[in-house]
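This is what each chain is made of:
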Amino acid sequence: MRAAPAEVDALNRLAEAGVRVPRPRLYVDGVLLMDLILDQDGSPAPRLFDVDLSEEDAVEVHQSLIHQVVLMLCQGVVHGDLSECNVLLAWDGP
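What comes next is a walk through the structure. (Residues numbered from 1 in each chain as written. Predicted model: local features only at pLDDT ≥ 70, side-chain atom pairs only at ≥ 80, totals over all residues. Heavy atoms only, no water.)

## Focus on the overall build of the protein chain
Inference 1: From N to C terminus, the protein chain includes 2 helices and 2 strands.
Inference 2: Of the regular secondary structure in the protein chain, the N- to C-terminal order runs α-β-β-α.
Inference 3: Seen through its C-alpha atoms, the protein chain measures out along the principal axes to roughly 45 × 30 × 20 Å.
Inference 4: For the protein chain, buried positions account for 23% of its 94 residues.
Inference 5: The long-range fraction of contacts in the protein chain, counting pairs at least 24 apart against all pairs at least 6 apart in sequence, stands at 54%.
Inference 6: Carbon together with sulfur atoms contributes 54% to the accessible area of the protein chain, which is approximately 6600 Å² in total.
Inference 7: Taken as two groups, the 6 positive and 16 negative side-chain charges of the protein chain have centres that lie 12 Å from each other. (Helix = DSSP H or I, 4+ residues; strand = E, 2+ residues; numbered from the N terminus. Buried < 20%, exposed > 50% of the residue type's maximum accessible area, 1.4 Å probe, protein only. Contact = heavy atoms within 4.5 Å. Areas by Shrake-Rupley, 256 points an atom, 1.4 Å probe, with all protein chains shown as cover. Lys, Arg positive; Asp, Glu negative; His and termini not counted. Charge placed at Lys NZ, Arg CZ, Asp CG, Glu CD.)

## Comments concerning the layout of surface pockets
Rolled over the atoms, a probe sized like a water molecule indicates the empty space that remains.
Inference 1: Of the pockets and cavities examined, the largest pocket occupies roughly 750 Å³.
Inference 2: Together, 27 residues line the largest pocket, and Leu11, Arg20, Val21, Pro22 and Asn86 are the ones closest to its centre.
Inference 3: For the lining of the largest pocket, the secondary-structure elements that each account for two or more residues are helix H1 (6-16) and helix H2 (55-74).
Inference 4: It is H1 that provides the largest number of residues to the lining of the largest pocket, a total of 4 residues.
Inference 5: Residues of the lining of the largest pocket, tallied by class, amount to 18 nonpolar, 4 polar and 5 charged. (1 Å grid on protein atoms, 1.4 Å probe; cavity = no way out; pocket = protein on both sides within 12 Å on 5 of 7 lines; lining within 4 Å. Points joined across faces, edges and corners; volume = space filled by probe spheres on them. Nonpolar A, V, L, I, M, F, W, Y, C, P; charged D, E, K, R; others polar.)

## Details of H1
Inference 1: Within H1 the residues assigned to the buried category are Val8, Ala10, Leu11, Leu14 and Ala15. The arc that holds the buried residues of H1, viewed along the axis, is 160°, so those residues lie on one side. Every exposed residue of H1 that faces more than 90 degrees away from the buried side is listed here: Ala6 and Glu16.
Inference 2: Those residues of H1 that are buried are in contact with strand S1 (24-28), strand S2 (31-34) and H2. (Arc of directions from axis to C-beta.)

These figures come from the coordinates and say nothing about function on their own.
Here it is, written out as structure tokens:
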């Protein structure tokens, strides 16, 4: 088995630092298996892009994401595309 790519290493490092990322579970021959992120109903979590938020909820999500970005920066990691299409709204937050 080859060594895990930098993305897997970064995800593991971020998860250990408390960043809300899906944890890599298995990497074999270029295939990465990660946690399934679920919503409050146990279905796959929607993308932020696909959800209509109230102003209050939007402020809460924004504050949470800024906190996550700070944690990422503290680990020396910058997300190349942290857009509304790459953020999932899990049952317990973004």
